Amino acid sequence: MDMPVNPVWQQHLFLGSWQSGKGEQVDVMEPATGDVISQLKAATPADVDRAATIANEAQKQWIAVPFDQKAEILRKAATLLKERADEINGWNTRECGSIGPKADWELQATYEQAQMAAALPMQPSGEIFPSNMPGKRNYWKRVPIGTVGVIAPWNFPILLAMRSVFPALAMGNCVILKPDPKSSICGGVLMAQVLEDAGLPKGVFHVLPGGPEVGQALVEHSLVKMISFTGSTAVGKKIGETCGRMLKKAALELGGNNAQVVLEDANLDIASSCGAWGSFLHQGQICMQTGRHLVHCSVADEYIERLATRAGNLAYGNPAQEQVHLGPLINEVQAKRVEDIVNRSVEMGARIVVGGKRNGNYYEATVIADVTPDMPVFSEEVFGPIAPVMTFDSDESACALVNESPYGLAAAIHSGSTERALKIANRIQVGMVHINDQTVNNEFQVPFGGMGSSGNSGRFGGPANIEEFTTSQWVSVMEEGIQYPF
Ligand code: NAD
């Protein structure tokens, strides 16, 4: 793969003026090998203040850019994403341990987000309401929020940053993006270059790589009027608290522990294929990962056997060097955490059917049976390639098991009867339900989001973006002035 190794990325604080920040130089690690493949300068809380001040000024000009010019910049960004596919996918593979097809899919999904955002500025931006006062017109219109802070995780770092960045820009906001330090090049630096080369005016978009202290400074900055956060529930709650105190809009897309329900009339070949994809794609490091397989007791043995056969056929390795199904987990801490959760569950009586071994940052695709709800492999978001299977004996108990989790992101239901599956869908508290499919579903034109501990019901995608990244204003006009009693 043709990619520069060990270049020192300059701090690229402001779009169009790549500056040296005052933060420390941080190593960019390759999870597959443990090698340092690059370095970059982290931002500091002082950089957040500078970026917010500049963005606040730049927004006054950006809001006035005609809608067709905004659309043109976003379309150009979409084109550049495709033109730079080798470079972007190369970094996604080496920086984040993504296998080729995952990197391809993520880039395509990001391209679609850019195309969709390009269509937003030309949408109607308000409504006219009647008035009971003669000669009065009531306009209700959508207006930009101002500066939006976007905080993104490392697992799908490009898509999960840009699904907020593109629509926020399209609706007339400036954006400050804080990528995760583990994915700041593909999920930050390369995106700044794309938008700069697409012609976005200087000061409208900023990338500030850094850790929690930079994220916290962004959340607490008074000139940042909205936070769009994707990450863990624990951090999301903290951010929500701060935003609540500051009366700041917060869109929180958080963790998940998603169930796939397999009824006794399901096609087990399809269900086990969906289960394997849902649990093992990207080593299970996906918020929508199938973390709980709930299977009717009468078909559980056959389902487990089919799922275990599929898991046993999956090879892991360095995706930059060979074609593999699973790459490494993001780092050793995460790999050891997965190992610990599995070991503790086995001590409590769970049975490993296939897999169950860690090798450095790699973990085998693993199927676990005899699982009970009190085991950590069932109750926690594992974020690893683990498929725990539990049984149930009625639709009622399947619904109760799904709803047992505080999370409510995605679910899948397999049944020969769509009506029966729909009845279950109506009784479970999750934001996205897929019948005869798997839990890891994302389509740019459909609003995406979770319930409960998975988020605060903000929605990304499709028409939801207009509401998410704007606020509103009522403007009334009297044709002639009016006298009041005072
Ligand atoms: P994380 O919450 O640890 O970090 C996410 C981002 O928040 C990073 O950029 C991090 O630097 C930043 N951050 C950490 N502490 C902060 C603080 N106090 N203030 C401000 N910013 C802070 O999450 P992670 O481990 O990187 O990502 C995995 C989690 O994200 C999982 O729980 C996963 O389910 C969730 N996730 C959710 C979605 C979704 O759409 N619902 C998508 C992907 C991942």
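Residues numbered from 1 in each chain as written. Predicted model: local features only at pLDDT ≥ 70, side-chain atom pairs only at ≥ 80, totals over all residues. Heavy atoms only, no water.

Caption draft 1: Representation of the sheet that holds strand β10 (residues 249-253) in the model. Read across the open sheet, the five strands follow the order β8-β7-β6-β9-β10; overall the sheet is parallel. Sheet topology places β8 (205-207) and β10 at the edges, where each strand pairs with a single neighbour. Between one strand axis and the next, the sheet turns by 15° as a mean value, whatever way the strands run. Relative to strand β9 (residues 224-230), strand β6 (residues 147-151) runs parallel, the two being bridged by five bridges. (Pairing = 2+ DSSP bridges. Helix = DSSP H or I, 4+ residues; strand = E, 2+ residues; numbered from the N terminus. Axes fitted to C-alpha atoms, helices over the stretch in contact; angles between N-to-C directions.)

Caption draft 2: Quick peek at the packing of aromatic side chains. The final tally for this structure, using the stated rule, is five aromatic pairs. Ring centres of Trp105 and Phe156 lie 6.0 Å apart, and the angle between their planes is 85°; on these two criteria the pair is classed as edge-to-face. Taken together, the residues span a long stretch of sequence, with Trp105 in helix α4 (residues 100-119) and Phe156 in the loop between β6 and α5 (157-170) at a distance of 51 residues. Just above the ring of Tyr111 sits the side chain of Lys82; from NZ or CZ to the centre is 4.0 Å. The positively charged end of Lys102 is found above the aromatic ring belonging to Phe156, 4.1 Å away from the centroid. (Phe/Tyr/Trp six-rings, centres within 6.5 Å; stacked < 30°, edge-to-face > 60°. Lys NZ or Arg CZ within 6 Å of the ring centre and 35° of its normal.)

Caption draft 3: How the structure looks around the environment of Asp393. Structurally, Asp393 can be placed in the loop between β17 (386-392) and α13 (395-404). In this structure Asp393 comes out as exposed when scored by relative accessible area, which is 56%. For the pair Asp393 and His296, spaced 97 residues apart in the sequence, the C-alpha separation amounts to 5.7 Å. Contacts of Asp393, omitting those with residues within four sequence positions, involve His296 and Cys297. Of the polar contacts made by the side chain of Asp393, one reaches the side chain of Ser397; its length is 3.3 Å. (Buried < 20%, exposed > 50% of the residue type's maximum accessible area, 1.4 Å probe, protein only. Contact = heavy atoms within 4.5 Å. Polar contact = N/O pair within 3.5 Å; in protein donor to acceptor, adjacent residues only side chain to side chain.)

Caption draft 4: Geometry of the site of the ligand. Close to the ligand lie 29 residues; Ala152, Lys178, Ser232, Leu254 and Glu381 are nearest. At 3.0 Å, a side-chain N or O of Trp154 approaches an oxygen atom of the ligand. Contact with the protein chains removes 89% of the 850 Å² of surface that the ligand exposes when unbound. Contributions of two or more residues to the shell around the ligand are made by α5, α7 (212-220), β9 and α8 (233-246). When residues in the shell around the ligand are grouped by element, the largest group, three residues, is from α7. Residue composition of the shell around the ligand, grouped by class: 16 nonpolar, eight polar and five charged. (Near = heavy atom within 4 Å. Areas by Shrake-Rupley, 256 points an atom, 1.4 Å probe, with all protein chains shown as cover. Nonpolar A, V, L, I, M, F, W, Y, C, P; charged D, E, K, R; others polar.)

Caption draft 5: Spatial organisation of α13. Considered for burial, the residues of α13 that qualify are Asp395, Ala398, Cys399, Leu401 and Val402. One side of α13 holds all its buried residues, which, seen down the axis, span an arc of 160°. Buried positions along α13 lie against β11 (258-262), β12 (290-296), α12 (376-379), β17 and α14 (418-427). (Arc of directions from axis to C-beta.)

Caption draft 6: Local environment of the environment of Met171. The topology assignment puts Met171 in the loop between α5 and β7 (174-178). In this structure Met171 comes out as buried when scored by relative accessible area, which is 15%. Spatially, the C-alpha atom of Met171 lies 8.9 Å from that of Arg142, the residues being 29 residues apart in sequence.

Caption draft 7: The sheet that holds β17, seen in detail. Read across the sheet, seven strands follow the order β13-β16-β17-β12-β11-β19-β20 without closing on themselves; strand pairing throughout is mixed. Here the strands that pair on one side only, and so sit at the sheet edges, are β13 (351-354) and β20 (432-435). Taken over all neighbouring pairs, the strand axes of this sheet differ in orientation by 25° on average, direction set aside. Sheet analysis places strand β16 (residues 366-369) next to β17, joined by three bridges and oriented parallel. Residue pairing in the sheet places Val367 in a bridge with Ala387 of β17.

Caption draft 8: Seen up close, the nonpolar core. If you look at the biggest cluster of nonpolar residues, it comprises 57 residues, and the most contacted ones within it are Met162, Val165, Phe166, Leu169, Leu195, Leu200 and Phe205. Counting 31 residues, the second largest nonpolar core, distinct from the first, contains Ala335, Tyr363, Val377 and Cys399. (Core = buried A, V, L, I, M, F, W, Y, C linked by side-chain atoms within 4.5 Å.)

Caption draft 9: Representation of the packing of helix α3 (residues 85-96) against α4 in the model. Following both chains from N to C, one finds α3 and α4 inclined at 125°, their axes separated by 9 Å at the closest point. In terms of axis orientation, α3 runs oblique to α4. For the pair α3 and α4, the crossing hand works out as right-handed. Listed contacts from α4 to Ala85, Ile88, Asn89, Asn92 and Thr93 of α3 are Lys102, Ala103, Asp104, Glu106 and Leu107. Here the residues of the contact of α3 with α4 are counted per class, giving four nonpolar, three polar and three charged. (Parallel < 35°, antiparallel > 145°, perpendicular 65-115°, else oblique. Left-handed = near helix turned anticlockwise from the far one by under 90°.)

Caption draft 10: Spatial organisation of the packing of α4 against α5. Viewed as axis vectors pointing N to C, α4 and α5 meet at an angle of 5°, and their least axial separation amounts to 9 Å. Between α4 and α5, the crossing angle belongs to the class labelled roughly parallel. Of α5, the residues touching α4 (which contributes Lys102, Trp105, Glu106, Ala109, Thr110, Gln113, Ala114 and Ala117) are Pro157, Ile158, Leu159, Met162, Arg163, Phe166, Pro167 and Ala170.

Caption draft 11: Spatial organisation of the pairing of strand β5 (residues 136-144). Sheet topology note: the strand β4 (residues 126-129)/β5 ladder contains four bridges and is antiparallel. Its bridge partner being in β5, Ile128 is matched across the sheet by Tyr139.

Caption draft 12: Layout of the pattern of salt bridges. Enumeration according to the criterion identifies 20 salt bridges in this entry. Close ionic contact of Glu30 with Arg94 constitutes a salt bridge, the shortest N to O distance being 2.6 Å. Here Glu30, found in the loop between β2 (25-29) and β3 (36-41), pairs with Arg94, found in helix α3; they are 64 residues apart in sequence, far enough to count as distant. This pair shows no difference in class: Glu30 is buried, exactly as Arg94 is. Because the salt bridges share partners, they merge into one network encompassing Glu264, Asp265, Asp395 and Arg420. (Salt bridge = Lys/Arg side-chain N within 4 Å of Asp/Glu carboxyl O.)

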